Each structure stands twice: as C-alpha cells, then as structure tokens.
Amino acid sequence: MEALFILIVVVVVALAFDFTNGFHDTGNAMATSIATGALKPRVAVGISAILNLVGAFLSIQVALTVTNKIIAIQGDNGAPIPSLMGVPILTIVFAGLCGGILWNLATWLFGLPSSSSHALFGGLMGSAIAALGWGGVKWSGVITSIALPAIFAPVVAAIVSAIGTRLVYAITDRLAPESRERGFRWGQIGSASLVSLAHGTGDAQKTMGVITLALIAYGSWTSTDSIPWWVKIACAASIALGTYIGGWRVIRTLGKGLVEIESPQGMAAEAASAAAILTSSHLGLALSTTHVATGSILGTGLGKKGATVRWGVAGRMVVAWLITLPAAGVVGAITWGIAHGLGPNAGTAVVLAILIAASGFMFYRSRKNAIGANNVNSEWEGGLAPAAESTQPVPAAGTPAKA
Amino acid sequence: MDIVTDTLSALWKVLAVGILLGAGLPALYALGLRSLNAGRTVNADGTVSGSASAGGRAVGFVILAVVIAIALFGIVVIVWGKQIFGA
C-alpha cells in the first residue's frame, strides 16, 4: 500500500514536470517567430503544441536509458537494482522530480531559458546522492551527457547560426526589404515547426522513461524495452498542454531580450537549431534544446552586421545554466531527506504539500508583472517587465504573414 | 577517456552537418527568394520597379521545393532512419 501511494504521486508529479518542460521550452522553437510577427503569439504556441504532441508519438527510442546514464539505480538492462525496488527508488525519483519542477518554475519566474533536462538530471543527482552517497551518481555519464554537451551545444549552434545569417543576408541584400521580410517568414515558420517536432521527440521521452522506471520499481510493469501506451498518451498530452499554455516570460527573453530579430535571422536561427538537435539525437548525443536554441539566437545576432547582442542578458542565462545542476540537486536532496525521514506515506504527503505551496507562490509572484500573449513583444527596456503603458498589444516588426 | 573522445567526435559531426544543413538550407532558401524576385529592382528611394520574371519565378519555386524536400527527408531519416538504414 505504501508503495502504491508514492507511485501515484510519482506519476502525477512526473506529468507535472512534463507540463513545465513544455511551457518552459515553447520559446526555444517559437520565440523568434513571435518576435518577428511571422506568427501571432497564440497561433505560434498552438502549432508548437500540436507538433510536440506528434513528436512525442514519433519517438521510438527506448527511454529507460535516460536516467541510467546519470544515476546508479538501474542495472545494465535498465531494470532497477533489486535492493532498491519499491519505495527506495520511488522516493529517489519523486525527490528528483520535485527538484526539476521547482527549478523550472524559478527560472521561468525570472524569464530565463534553462534546460529542463538539466533540471531533471540535477534533481535526480541530488536525491541519488542523498540516498546512496556519492556513488549514486555515474560521474562519467555526467561529463559525457551533461557537461560536455552543455559547453559545446551553444557554441556549435551559434557558429552554424552566424554562418547561416551571414549567407542569407549576403544573398538577399538586393531584395526589397518587404519582400525579404515576407519571404523569410515562411521559412521561419517551417524551421520553427521542425524545432517543435524535434523537441517533442526528445523531451517527452524523458518523462516516459521516468514513469516507466517507477512502474517497474513498483512491480506493475516488467518490460525494459517498451512503454505502456497510457504513459505515452499522458506524457504526450502533458507536454503539448504545457507548450500551449506558453512560457511567455521565457519567450520574451529569447525573442526580444537577447537580440532584436528580423525574419531572415529567425529562419537562420531556427534552421541551425533544428539541424543541431536532429543530428545530435540521431547520433545518440543529448544536446539540450534550450542550449541549442539560445546559442542559435545569439549566433544570429553575431552573424548580422550592425546587430547588437545584449551580453548582460546572455550572461544571466549562463549563470542560470551553471547553477541548474547544483540548485535542482540541493532541492532534490532536501526533499529526499524529508520524504525518507518522515516515512513513505507522511513524507511523500508533506513533500507534495511543499511542492504545491512553492509552485503556487511562484505563480502568485509571476502575476505581479504578468507576461502573456498581449505584451510578450513589448519593447525591451532593460528588463523582463514591460513598461506599464505597453499592456496594449504591440505590433511586432511588420504585420503577420499573409497567405 | 574513450567516452570523452567519442562525445567530442560526435559533436564534431553535429557541427559539420549543422553547417551543411543548418546554414546551407537557409542559404538555399535565400537563393530561391532572390530568384523569385529576379527582375525587380529596388530604387534609391526604396520603391520597387519592374516585375518578377517568369523564368526567375520558376527557378525560385524549384529551389524552394528542393529545400522543403530536403527538410522532409531529414525528418524521415531522423525518425525512421534506424529501421530503414539499420543501426
């Protein structure tokens, strides 16, 4: 009975994480299209949500390897280590998810794009260390799956995007500005859609893997190379719903805060992101969508002559990336301590209450300078919060694309 | 340290393919747009004179079609590549 209660909580909390993953990452694909006015904000998040849903069903890779690269709670075939079956593994996963969710919400509150996967990994590492000691983490996996990709992903994406931007402007420099802007809007929409699809194939999978692992630990699922159909549907729906809600604060930072974007830059950036994400997932290398997208947008600012990059905003993002693992890890470790210390039932209930209260608090704070579809494109004046008078819809560069 | 070098060599491939497709496709798309607008000239005051030539439009649409085809092929390779081409 004890394990059943945690299992239910773990499944619900995992879906909640998937939801935050969706809305935190909407901006990776759609921020540039929203900023240039290629798509109206609501239309953009709608398209992105549908493509995330489709992507989640297209993902065919076995998802159990996601956690297995980072923490030592599973054997070589992905099945949980026998001595950890049941409550121990469920508690570790539960605490890890709490760390991931709270870090996602905190960075969203500050409008900072940060990797949802890193938040999840950080939370899991923290709870695994608290439960099993330093040996609970596979440090070589941390280097190859987290550290190296995090350093190189933004650089690779920025290089590709800067080259693309330079080429695109050189080729079209004699076009009338309006026909250029209009023409690239379509390219922008297409390339941004690719990024959304890629996001769905990659990120929904992680939550599917976590839930399947929990089901195996509880004993209600045995296969290590397939996923229950309802898990697939629930995860796909959660990430799509989260995407549709739209993390407007993050979208605003990416679309308006980092670089002022024109539609040729938008296309170059999204094409670079799509190529980097799809190629890396094909090679089995997990590049964070967030790191790639941010690098691409930065690169498009570097590639266009005369464009300014707001390095202060970029610096804040880098700081957030650096503290993602430790911050989510500390939350994961503390919540594991509470859940474990108070016992499976009471501990889980208390941690769940803390999680709900902290999430509610951050949502409440976000309402003080709410950002939504109406003011996401307001002029960037030194910070995330738009000037008070600009709560009216502000038309972005030009009017939306016409068919 | 094998895993580290493996990761670095994978990153190198991502950069190469990224430049080829991630920068190449937008450049090709830009060529298509330029071809679509061939024959139109922008005057010093910003107005546009002349009209797009039929040949330019035809070539432009072919280029755009090629861009779309490559992108779709890319999706197919990524999603079903392992079944089609083996691991």
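Conventions adopted
- Sequence order as written defines residue numbering, which begins from 1 separately in each chain.
- In the order they appear in the text, chains get letters beginning with A and ligands get numbers beginning with 1.
- Side-chain atom pairs in this predicted model are given and counted only at pLDDT of 80 or more, local residue features only at pLDDT of at least 70, and totals for whole chains, interfaces and linings cover all residues.
- Hydrogens are left out, water is left out, and the side-chain values use all remaining heavy atoms of the structure.
- In plain words, nonpolar cores are sets of buried Ala, Val, Leu, Ile, Met, Phe, Trp, Tyr and Cys residues tied together by side-chain atoms within 4.5 Å.
- Three exposure classes are used, based on accessible area relative to the maximum for each residue type with a 1.4 Å probe and protein chains only: buried under 20%, partly exposed in between, and exposed over 50%.
- In this description, contact between two residues means that some pair of their heavy atoms is separated by no more than 4.5 Å.
- Joining two parts hides part of their accessible area as seen by a 1.4 Å probe, and the buried area is that hidden amount summed over both.
- Between Lys or Arg on one side and Asp or Glu on the other, a salt bridge is scored when a side-chain nitrogen of the former is within 4 Å of a carboxyl oxygen of the latter.
- In protein, a polar contact means a hydrogen-donor-capable atom and an acceptor-capable atom, both N or O and within 3.5 Å, with residues adjacent in sequence counting only if both atoms are side-chain atoms; elsewhere, any N or O pair within 3.5 Å suffices.
- Secondary structure elements follow DSSP: runs of H or I of four or more residues count as helices, runs of E of two or more count as strands, with numbering from the N terminus.

A. The nonpolar core, seen in detail. Formed by 112 residues in total, the largest nonpolar core has its most connected members in Val10(A), Ile71(A), Ile73(A), Leu90(A), Leu97(A), Ile211(A) and Leu258(A). Ignoring any residue separated from it by four or fewer positions in sequence, one finds Leu97(A) in contact with Val10(A), Val13(A), Ala14(A), Phe17(A), Leu120(A) and Val210(A). Counting 13 residues, the second-largest nonpolar core is a separate cluster that includes Ile171(A), Phe184(A), Ala30(B) and Val67(B).

B. Expanded view of the interface of chain A and chain B. In this assembly, 42 residues from chain A lie in contact with 34 residues from chain B. Roughly 3,200 Å² of surface becomes buried between chain A and chain B when both sides are summed, with 82% attributable to carbon and sulfur atoms. On inspection of chain A and its partner chain B, the count reaches 0 salt bridges. Between chain A and chain B we count 3 residue pairs in polar contact (both at pLDDT 80 or more) in total. Secondary-structure elements contributing two or more residues to the side of chain A that touches chain B are helix H6 (139–171), helix H7 (177–218) and helix H10 (263–282) of chain A.

C. Here's a closer look at the environment of Ile146(A). All names here are of chain A. Note on placement: isoleucine 146 falls in helix H6. By relative accessible area, isoleucine 146 is classed as buried at 2%. Spatially, the C-alpha atoms of isoleucine 146 and glycine 341 are 30 Å apart, while their sequence positions differ by 195 residues. Not counting the four nearest positions on each side in its chain, isoleucine 146 is found in contact with Ile70, His118, Phe121, Met125, Gly141 and Leu325.

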